[in-house]
Amino acid sequence: MRFALYARTSTEDFQDPVSSCGWQREAAQILVTGRGVIVAEFVDVGYSRRLPWSERPQSAELLMALTDPDRGWDAIVVGEYERAFCGDQLTQLLPLLQSYGVQLWMPETGGPVDSAIPMHQALMLLLGGQSQREVLRARYRVLAAMRNQAADQGRFLGGRPPYGYRLVDAGPHPNRTHARWGRRLHQLDADPATAPHVRWMFAQRLAGVSVAGIARMLNERGVPCPSDVDRERYPHRSGHAWTLRTVAAILGNPRYTGRRVWNRRNSGVADATGGGWNAPQEWAISTKLSHPALVSDDDFVAAQAIRAARPTQDGSPRVYLLAGLLKCGFCGRRLDSH
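Scope of this entry: the structure provided in the associated data block. Just so it is clear, the structure is predicted and the values come from calculations on it, not from any experiment.

Take the nonpolar core next. Ranked by internal contacts, the top residues of the largest apolar core, which has 25 residues, are Trp 73, Phe 85, Leu 104 and Met 106. For this core, the elements supplying multiple residues, two or more each, are strand 1 (2–9), strand 2 (37–45), helix 2 (57–65), strand 3 (75–78), helix 3 (81–84), helix 4 (89–99), strand 4 (103–106) and helix 5 (118–151). If you tally residues by element for this core, the top one is helix 4, at 4 residues. Ignoring any residue separated from it by four or fewer positions in sequence, one finds Met 106 in contact with Leu 31, Val 78, Tyr 81, Phe 85, Leu 90, Gly 111, Val 113 and Leu 127. Counting residues in each nonpolar core, the second largest holds 24 residues, with Phe 202, Trp 242, Val 247 and Val 295 among its members.

Next comes the structure, spelled out in structure tokens:
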């Protein structure tokens with residue numbers, strides 16, 4: 001028989017795709033020795049097992065090849081169930097393979113999977129549940145560890161520093177193995193070039209200046225915006241001007257209080273800015289200061305509550321005590337002040 005090997009590596013940052021694919025190929029080769037030969041390989045690198053086969057590039061290409069009578073192989077072999085499937089993916093995939101007369105071979109079954117055999121049915125349910133449990137346990141452990149590192153230890157958990165900060169060395173990694181590999185911790189420090197602009201923005205906001213007004217004054221003063229300071233991070237932006245959204249994001253970022261904040265963004269929920277935002281009660285905030293503060297806690301909270309007063313025709317601002325507090329009882333829209 002002619003076999004097509006399917007292998008998968010979840011990430012190329014912390015796993016060696018060559019080594020991972022190598023042991024999967026070896027396990028598959030042992031299974032088919034004396035029964036056939038592997039003539040094609042489909043390897044996905046950097047894709048989670050939770051994704052269905054149709055959403056992984058190489059497995060999707062393998063599925064497309066099923067329709068080609070001249071595909072050059074007769075069956076599919078995998079080196080390990082957990083590398084290829086999660087949950088009930090295999091149960092859903094088998095009818096499609098059977099419709100094209102293609103078998104799926106796994107080391108766990110010692111040969112082709114047969115959904116008509118009760119033992120194979122039970123094995124698929126067991127392996128699917130085990131694979132799903134492994135994903136959930138790993139996710140829970142990683143998130144719990146990151147929450148602890150952010151809230152209790154104030155650790156910098158990666159990513160680029162926000163505008164106004166720069167990364168500095170914070171000593172060797174606490175894990176001895178990582179430390180022997182030369183990995184070191186990093187922490188945020190005030191950037192002499194951009195930190196004064198952040199302090200100025202908060203001062204203007206506390207003085208009652210609107211977000212749009214702050215953006216306009218920054219542009220008039222020629223202050224470099226974040227995309228101008230870090231072109232590598234924002235290659236898709238012009239890097240020439242401050243926008244209202246950029247200023248609002250800085251004024252609403254609690255990391256400027258000197259505390260580590262984690263889990264603000266929910267990467268699994270998309271919105272107009274590319275990701276959703278978790279509710280504040282879901283954030284992990286360090287109990288102690290982890291880096292120099294550019295604004296005090298009290299001033300940061302006060303800045304969030306400020307609504308700039310609109311000037312009247314004669315130029316004098318008019319303050320309405322109920323501004324932003326009233327909503328229409330019929331449609332729920334916020335009432336304007338007049």
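Interaxial distance between helix 7 (residues 195–206) and helix 8 (residues 211–221) falls to 10 Å at its minimum, and their mutual angle equals 140°. For the element pair helix 7 / helix 8, the angle class is oblique. Crossing of helix 7 against helix 8: the hand is right-handed. Side by side, helix 7 and helix 8 meet where Trp 200, Met 201, Gln 204 and Arg 205 of the first sit next to Val 211, Ile 214, Met 217, Leu 218 and Arg 221 of the second.

Looking now at helix 7. In this model helix 7 runs 17 Å from its N-terminal to its C-terminal C-alpha over 12 residues, within 8% of the 16 Å that 1.5 Å per residue would give. Residues Ala 195, His 197, Val 198, Trp 200, Met 201, Phe 202, Gln 204 and Arg 205 constitute the buried set of helix 7. Of the residues flanking the end of helix 7, it is Gly 208, one or two places downstream, whose phi is positive at about 95°.

Conventions used here
- Residues numbered from 1 in each chain as written.
- Predicted model: local features only at pLDDT ≥ 70, side-chain atom pairs only at ≥ 80, totals over all residues.
- Heavy atoms only, no water.
- Core = buried A, V, L, I, M, F, W, Y, C linked by side-chain atoms within 4.5 Å.
- Buried < 20%, exposed > 50% of the residue type's maximum accessible area, 1.4 Å probe, protein only.
- Helix = DSSP H or I, 4+ residues; strand = E, 2+ residues; numbered from the N terminus.
- Contact = heavy atoms within 4.5 Å.
- Axes fitted to C-alpha atoms, helices over the stretch in contact; angles between N-to-C directions.
- Parallel < 35°, antiparallel > 145°, perpendicular 65-115°, else oblique.
- Left-handed = near helix turned anticlockwise from the far one by under 90°.
- Expected span 1.5 Å × (residues − 1).

Honestly, it's all geometry; don't read function into it.
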